[in-house]
Amino acid sequence: MEFLRSVPSFQSLTEDVLSKVADVLEATHYRDGDYIIRQGATGDTFFIISEGQVKVTQQTSANEEPVFLYTLSKGDWFGEQALKGEDVRTASVTAVGDVTCLVVDRESFKQLIGGLENVSSRVNDSDEVKGKIEAEAAFFSM
Ligand code: PCG
């Protein structure tokens, strides 16, 4: 609970919602180099980093090397893209050293976290990715 309360993006969640999140999440451990998420795979889980660091990489076309995008660390979260619209992972996420993530399933994410403005609209996507995500969102809301 204390950790969840300290996550900046969750500041606006009530104690009640936070304790529900605490009830449903599962702590999962990863070792250096483990793939937590593979781009292109389907996925229905949301991750909050409680220990360690992860690396986000993205391949923009099939014959190109993945490009390094970000390092995320304790208190950061990822995996929300596949829970909105299409369930395809838009980037790969790998562990850098030992990592512990708190994992939330799609249904709980939708009920408890998905409505947060700062979670539903990630600002750091490239225009290309943003366009793709918006197009998908528009398609699925028709
Ligand atoms: P998802 O479910 O597509 O799986 C990969 C995750 O990487 C993605 O959700 C985001 O949570 C996370 N991520 C972090 N930074 C970026 C970014 O710049 N672009 C994209 N597409 N995903 C990012």
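Right above here is the structure, for reference.
Fair warning: this is a prediction, and the values are worked out from it, not measured in the lab.

Caption draft 1: Quick look at the pattern of salt bridges. A full pass over the atoms with the stated rule returns four salt bridges. With a shortest N-O distance of 3.5 Å, D16 and K20 are connected by a salt bridge. Within this pair, D16 and its partner K20 are both found in helix α2 (residues 15–24), separated by four residues, close to a single helical turn. D16 gets classed as partly exposed once you look at its relative accessible area, which sits at 45%. Linking E107 and K110 is a salt bridge whose minimum nitrogen-to-oxygen distance equals 3.8 Å. Within this pair, E107 and its partner K110 are both found in helix α3 (residues 106–113), separated by three residues, close to a single helical turn.

Caption draft 2: Spatial organisation of the packing of α2 against α3. It is at 10 Å that the axes of α2 and α3 come closest, and there the two elements cross at 170°. Compared by their axis directions, α2 and α3 come out roughly antiparallel. In this structure, α2 uses V17, K20, V21 and V24 to contact α3, whose residues at the interface are S108, L112 and I113. Of the residues contributing to the contact of α2 with α3, the split by class is five nonpolar, one polar and one charged.

Rules used throughout
Residues numbered from 1 in each chain as written. Predicted model: local features only at pLDDT ≥ 70, side-chain atom pairs only at ≥ 80, totals over all residues. Heavy atoms only, no water. Salt bridge = Lys/Arg side-chain N within 4 Å of Asp/Glu carboxyl O. Helix = DSSP H or I, 4+ residues; strand = E, 2+ residues; numbered from the N terminus. Buried < 20%, exposed > 50% of the residue type's maximum accessible area, 1.4 Å probe, protein only. Axes fitted to C-alpha atoms, helices over the stretch in contact; angles between N-to-C directions. Parallel < 35°, antiparallel > 145°, perpendicular 65-115°, else oblique. Contact = heavy atoms within 4.5 Å. Nonpolar A, V, L, I, M, F, W, Y, C, P; charged D, E, K, R; others polar.

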